[in-house]
Amino acid sequence: MNQFPWGLFILLCCLISCQQKKSQSDTAKQSATGYPEAFKIRLTGTIALPDSTKIYVNTDENTLQPLLSAYVKQGKFALEGELTEPNFYNLVIQKKNFKVYLENGADYTFKGEVGSAGRITHGEVTSSSKIMNDYVRFQKLFEQRHGALYAQSRALVDALNNPKTYQDAVGKSLALDEQKKRLKETIQDEFLDDGDVHPGMKLFIIKEDRIGQQNYKRYDHVLQRVPDTLKNTVLYKQAKQKVDAVKSFYDNMPNFPDIFPRNPAGDSLKLDRFKAEGTWLVVFWGSWDKESKADIRMIKRKAAALASMGVRPIYLTWDKDFDAWKAASDELNLGQDNHRLNAQDQEFVVNHYGVRAMPHYLLVDASDRTIINPDFRYPLHGRLESSIEKELNKK
């Protein structure tokens, strides 16, 4: 009579048990490292809107698809359901968006204000979420400082109308305008440097900001310090994708090529002639563009000052209409000192330097043709020399 193979059975049970424990361990590890998993949220609110007013949550990437929705009843609503991942979402009320960071385990309360026209005018979310509170603090700080700067500007009105104090007031007014212009960037820098600000809020700042030559290295450094628990979130991937694209563009940027565009007389440009000039201000312009021509007139007026700085303007265009180009060249008194790119050279500067709209300026080191700034910009109030000097001092 055959005996039941108890030894084999026990061994099989042990293997199954070990495999289940390993699977549970992997699942726990996956959750700990920030992989997306569904979680429940509840967001309650009060707002004096008619019953059956729809309130919903969506994302910037898909505004047409509500992820959760609810309806106002007796001035209250409750959004409940599951989301796949913690992130910043839009709480939409009467087509007005309120940013809210939704995550597992946090509570959320919305309080809205409605104006006389029956439309929502203001709303605020209170939450136990650290990231949400950092976002609210950012917004309030911006509003406070923005209001203070405008109050200072209004206080200058009398001084601006007084000939004795006018000049001093203009200087103060311009300084305030610059502070207002840079206010958001200033607060962003403060938050990025603040160790108490949650890394998720820093990722949101990067994702929402315009990334360019002036900030991609800083943002790349911030991304390198993000904890592993966030590196598999959509928010991190979106921020990193933006930074990596800009980083690749600038880090792999080629030197200015040895191109041979022709001037109106048919002569080719020989860049080696200007190798000793120091810096090239490469001006991309078009006969059809008024701003281009206005800028060129100013650049020509600054010719002596630029020459003393070792800066050589080089005028390039890809005008399709030869007659229009020649007429504009004569009007600007450029003579033979401007050249028209062929299709291949045009494609190169578009792809490698982002030259897509006129006017566009490149600053190039003439000695080795490295790009100092592929998107040089300067104010149109005559400060061309100081703007170039500022760029050259960064080298």
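Just above sits the structure.
Residues numbered from 1 in each chain as written. Predicted model: local features only at pLDDT ≥ 70, side-chain atom pairs only at ≥ 80, totals over all residues. Heavy atoms only, no water.

(A) Layout of the sheet that holds strand β1 (residues 39-46). Strand order in this open sheet of four strands is β4-β1-β7-β8, and the pairing throughout is mixed. The open sheet has two free edges, formed respectively by β4 (76-83) and β8 (120-127), since each of these has just one partner strand. The sheet shows a mean angle of 20° between the axes of neighbouring strands, direction not considered. Here seven bridges tie strand β7 (residues 108-114) to β8, and the two strands are oriented antiparallel to one another. When the bridges of β8 are listed, Gly 112 appears paired with Gly 123. (Pairing = 2+ DSSP bridges. Helix = DSSP H or I, 4+ residues; strand = E, 2+ residues; numbered from the N terminus. Axes fitted to C-alpha atoms, helices over the stretch in contact; angles between N-to-C directions.)

(B) Quick peek at the packing of helix α2 (residues 130-154) against helix α4 (residues 166-181). As a packed pair, α2 and α4 sit with axes 10 Å apart at the nearest point and diverge in direction by 165°. The angle between α2 and α4 places the two elements in the roughly antiparallel class. In terms of crossing hand, the pair formed by α2 and α4 is left-handed. Along its contact with α2, which presents Leu 149, Tyr 150, Gln 152 and Ser 153, the element α4 presents Leu 176, Gln 179 and Lys 180. For the contact of α2 with α4, the class distribution of residues is three nonpolar, three polar and one charged. (Parallel < 35°, antiparallel > 145°, perpendicular 65-115°, else oblique. Left-handed = near helix turned anticlockwise from the far one by under 90°. Contact = heavy atoms within 4.5 Å. Nonpolar A, V, L, I, M, F, W, Y, C, P; charged D, E, K, R; others polar.)

(C) Quick look at the side chain of Asn 215. Among the structural elements, Asn 215 can be located in the loop between α6 (199-208) and α7 (216-224). Non-local contacts of Asn 215, meaning those with residues more than four positions away in its chain, are made with Asp 209 and Arg 210.

(D) Expanded view of the sheet that holds strand β11 (residues 338-340). The strand order across the open sheet formed by five strands is β11-β10-β9-β12-β13, and the pairing between neighbours is mixed. At either end of the open sheet lies a strand with only one pairing partner, and these are β11 and β13 (371-373). Within this sheet the neighbouring strands show an average axis-to-axis angle of 30°, counted without direction. This element, helix α11 (residues 322-331), spans β10 (311-317) and β11 of the sheet and lies at about 170° to β11.

(E) Spatial organisation of α11. Those residues of α11 lying buried are Trp 325, Ala 328 and Ser 329. Along the long axis of α11, the arc covered by the buried residues comes to 105°, so they all point the same way. The inward-facing, buried residues of α11 abut α9 (290-301), β10 and β11. At the N-terminal boundary of α11, the capping side chain belongs to Asp 321, with an oxygen 3.0 Å from the backbone nitrogen of Asp 323. (Buried < 20%, exposed > 50% of the residue type's maximum accessible area, 1.4 Å probe, protein only. Arc of directions from axis to C-beta. Polar contact = N/O pair within 3.5 Å; in protein donor to acceptor, adjacent residues only side chain to side chain.)

(F) Structural detail: the packing of α6 against α7. In contact at an axis separation of 11 Å, α6 and α7 are set at 150° when each is read in the N-to-C sense. In terms of their interaxial angle, α6 and α7 are classed as roughly antiparallel. Along this stretch, α6 crosses α7, giving a crossing that reads as left-handed. In contact with Lys 202, Leu 203, Ile 205 and Ile 206 of α6, α7 contributes Tyr 219, Val 222 and Leu 223.

The quantities given are spatial measurements derived from coordinates; they are silent on function.
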